Amino acid sequence: MQAAYSLNSNELNINFLNSVKEMFQNKNIEIIITDKVESEFEQYSNTLQERLNDYKNNPDSFLPIDDNFWKDTEARLKARHKKAV
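Throughout what follows, the structure given in this document is the object of discussion. Quick caveat: nothing in here was measured; it's all calculated off a predicted structure. (Residues numbered from 1 in each chain as written. Predicted model: local features only at pLDDT ≥ 70, side-chain atom pairs only at ≥ 80, totals over all residues. Heavy atoms only, no water.)

### So, the overall build of the protein
Assigned secondary structure in the protein consists of three helices and zero strands. Ordered by position in the sequence, the α and β elements of the protein form the string α-α-α. Its C-alpha atoms give the protein a radius of gyration of 19 Å, clearly above 12 Å, the size a compact globule of 85 residues would have. In terms of overall dimensions, the protein has C-alpha extents of about 55 × 30 × 20 Å along its principal axes. For the protein, with 85 residues in total, the buried portion stands at 4%. Element-wise, carbon and sulfur atoms account for 51% of the exposed surface of the protein, whose accessible area totals about 8400 Å². Once the 11 positive and 14 negative side-chain charges of the protein are each reduced to a mean point, those two points are 7 Å apart. (Helix = DSSP H or I, 4+ residues; strand = E, 2+ residues; numbered from the N terminus. Rg over C-alpha atoms; globule rule 2.2 N^0.38 Å. Buried < 20%, exposed > 50% of the residue type's maximum accessible area, 1.4 Å probe, protein only. Areas by Shrake-Rupley, 256 points an atom, 1.4 Å probe, with all protein chains shown as cover. Lys, Arg positive; Asp, Glu negative; His and termini not counted. Charge placed at Lys NZ, Arg CZ, Asp CG, Glu CD.)

Set out below in structure tokens:
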């Protein structure tokens, strides 16, 4: 199971900790804390949203998805996984 939280450090309190403890009872967990900066995922998500909007406004200007798209996506996911490990 995974849970992701995005909050201000001022919002951290005992209730937050208790909710995490209850959700992951008797499990080993890993907690990673980072500043809220625009991550690779957010950049990619924003780019996809822009492309979707472009497509909605002018669908005839887009080419169909080809093998290169899937190869690039696979390479990107493999690279991200290697960074996480």
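The structure having been displayed, the exposition proceeds.
### A word on the environment of Q2
Looking at where Q2 falls in the secondary structure, it is placed in the segment before helix 1 (14–23). A relative accessible area of 76% means that Q2 is categorised as exposed.

### Structural notes on the layout of surface pockets
There is about 1500 Å³ of room inside the largest pocket. The wall of the largest pocket is formed by 28 residues, among which A3, A4, Y5, I32 and I33 lie closest to the centre. The greatest single-element share of the lining of the largest pocket, amounting to three residues, is contributed by helix 1. Residues that form the lining of the largest pocket fall into these classes: 16 nonpolar, seven polar and five charged. Empty space within the second largest pocket amounts to approximately 490 Å³. Put simply, the parts of the chain that give the lining of the second largest pocket at least two residues each are helix 2 (40–57) and helix 3 (67–84). The element best represented in the lining of the second largest pocket is helix 2, accounting for six residues. Considering only residue class, the lining of the second largest pocket consists of nine nonpolar, two polar and four charged. (1 Å grid on protein atoms, 1.4 Å probe; cavity = no way out; pocket = protein on both sides within 12 Å on 5 of 7 lines; lining within 4 Å. Points joined across faces, edges and corners; volume = space filled by probe spheres on them. Nonpolar A, V, L, I, M, F, W, Y, C, P; charged D, E, K, R; others polar.)

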